[in-house]
Amino acid sequence: FINVFSKDEADYFKNIFPQASIELYIMKPVLHRKKKVIGFLDYGTEFQKSQQDQLQELIVFFQDKGYEVTIKPHPASTWQSLESFASAHKVKISSYKYETISDTLFEEEPSFTFGWYSTALCESLRCGVIPINLASENSSLMNTLYPFKERALSWPKDKNKIENITIEGPEYNEVINSLGN
């Protein structure tokens, strides 16, 4: 019995283990979206200057459009300078009061999420929230089992597309559908 986050993973494992029972984790769909963005931060690294600069650009982009920005550190990470960064940029740091990413998305009702090659991006798409990948498109991680290039918007490459998406407009659902929810 194998549980996976995406149909892409399910298809892959069905080819390798045709007799296995493969199921997608159950995800709660986000029923209403708020002007909120949640960032799922990287695992096991320090809060490096390049990541701070990239986050700052994305945060300012969304704050200028009236979005509330929350960042959620990876539970296994030690982001010692995260609190000062969050304070300086007027963003919230999310706690771990919800059991799963799906629960977090369902309760917080964001319009967008962002992160670096995170299962949270996969879960976001499955819950009906547009994911934004912050990792470089030239990274070798783009060739992982989960096709991030096709399943998430890319920052800053898709900045203009993101700018044209509103949570009420038809383009939001068009983007979700084009990413292959």
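What you see is a predicted model, and the numbers here were worked out from it, not measured in a lab.

Peer 1: Looking at this model, I keep getting lost on helix α8 (residues 170-179). Mind explaining?
Peer 2: Residues three or four positions apart in an α-helix share a direction because the helix packs 3.6 residues into each turn. If you check which residues of α8 are buried, you get Y172, V175, I176 and L179. Buried residues of α8, seen end-on, are gathered within an arc of 100° and therefore sit on one face of the element. Every exposed residue of α8 that faces more than 90 degrees away from the buried side is listed here: P170, E174, N177 and S178. Tucked into the core, α8 has its buried residues touching β6 (112-115), α5 (119-127), β7 (130-133), α6 (148-151), β8 (153-154) and α7 (159-163). Immediately downstream of α8, the backbone of G180 shows phi near 90°, a positive value.

Peer 1: I tried to follow the environment of E23 on my own but got confused; where do I start?
Peer 2: By secondary structure assignment, the location of E23 is in strand β2 (residues 22-24). For E23, a relative accessible area of 39% corresponds to the partly exposed category. As a C-alpha pair, E23 and A10 span 13 residues in sequence and 7.1 Å in three-dimensional space. Setting aside anything within four residues of it in sequence, one finds E23 in contact with F1, I2, N3 and V4.

Peer 1: What's the story with the environment of W116 in this structure? I'm lost.
Peer 2: Structurally, W116 is set in the loop between β6 and α5. Since its relative accessible area comes to 9%, W116 is described here as buried. Each C-alpha atom, one on W116 and one on L134, is 5.2 Å from the other, the two residues being 18 residues apart in sequence. Those residues in contact with W116 that sit more than four places away from it in its chain are F40, L41, D42, Q51, Q54, L55, N133, L134 and A135. Within the structure, W116 has its side chain in polar contact with the side chain of Q54 (distance 3.3 Å).

Peer 1: Can you walk me through the pattern of salt bridges in this structure?
Peer 2: Where charged atoms of side chains with opposite charge meet at close range, the side chains can pair. This structure, assessed with the given rule, holds eight salt bridges. The salt bridge involving K28 is made with D103; its shortest N-O contact spans 3.0 Å. On the criterion of sequence distance, the pair formed by K28 in the loop between β2 and β3 (36-40) and D103 in helix α4 (residues 101-108) is long-range, its members being 75 residues apart. Across the salt bridge formed by K34 and E109, the nearest N and O atoms sit 3.5 Å from each other. Here E109 lies in the loop between α4 and β6 and K34 lies in the loop between β2 and β3, a separation of 75 residues in the sequence. Classification of K34 as partly exposed rests on a relative accessible area of 39%. Three or more residues joined by partner-sharing salt bridges are found here, namely K36, E68, K92 and E108.

Peer 1: Please clarify how the sheet that holds β6 should be interpreted in this entry.
Peer 2: Where strands meet in a sheet, backbone hydrogen bonds hold them as pairs that are either parallel or antiparallel. An order of β5-β4-β3-β6-β7-β8 is seen for the six strands of this open sheet, with the pairing classed as parallel. Two strands in the sheet have a free side with no partner beyond their single neighbour: β5 (92-93) and β8. Two strands pair when backbone bridges link them, and β3 and β6 are joined in this way by four bridges, in the parallel orientation. Counted as the bridge partner of V37 is F112 from β6. Each of β3, β4 (68-72) and β6 is contacted by α4, which is oriented at about 160° to β3, the strand it contacts most.

Peer 1: Just to check I follow, could you spell out a nonpolar patch on the surface for this structure?
Peer 2: On the surface, a nonpolar cluster with roughly 350 Å² of combined accessible area is contributed by Y12, I16, F17 and L145. Tracing the backbone shows L145 in the loop between β7 and α6. When its relative accessible area of 34% is taken as the criterion, L145 is described as partly exposed.

Peer 1: What should I look at first to understand unusual backbone geometry in this one?
Peer 2: The bulk of non-glycine residues show a negative phi, and the bulk of peptide bonds are trans. In this structure, the amide linkage connecting W155 to the following residue, P156, adopts the cis form with an omega of 10°. In this fold, P156 is placed in the loop between β8 and α7. Phi is positive for K90, which is not a glycine, with a value near 55°. With respect to the helices and strands, K90 occurs in the loop between α3 (82-88) and β5. The backbone of E109 sits at a positive phi, close to 55°, despite the residue not being glycine. Looking at E109, the relative accessible area reads 16%, which means it is buried.

Reading the values: the criteria
- Residues numbered from 1 in each chain as written.
- Predicted model: local features only at pLDDT ≥ 70, side-chain atom pairs only at ≥ 80, totals over all residues.
- Heavy atoms only, no water.
- Buried < 20%, exposed > 50% of the residue type's maximum accessible area, 1.4 Å probe, protein only.
- Helix = DSSP H or I, 4+ residues; strand = E, 2+ residues; numbered from the N terminus.
- Arc of directions from axis to C-beta.
- Contact = heavy atoms within 4.5 Å.
- Polar contact = N/O pair within 3.5 Å; in protein donor to acceptor, adjacent residues only side chain to side chain.
- Salt bridge = Lys/Arg side-chain N within 4 Å of Asp/Glu carboxyl O.
- Pairing = 2+ DSSP bridges.
- Axes fitted to C-alpha atoms, helices over the stretch in contact; angles between N-to-C directions.
- Patch = residues over 30% accessible without salt bridge, like charges linked within 9 Å, V, L, I, M, F, W, Y side chains within 5 Å.
- Areas by Shrake-Rupley, 256 points an atom, 1.4 Å probe, with all protein chains shown as cover.

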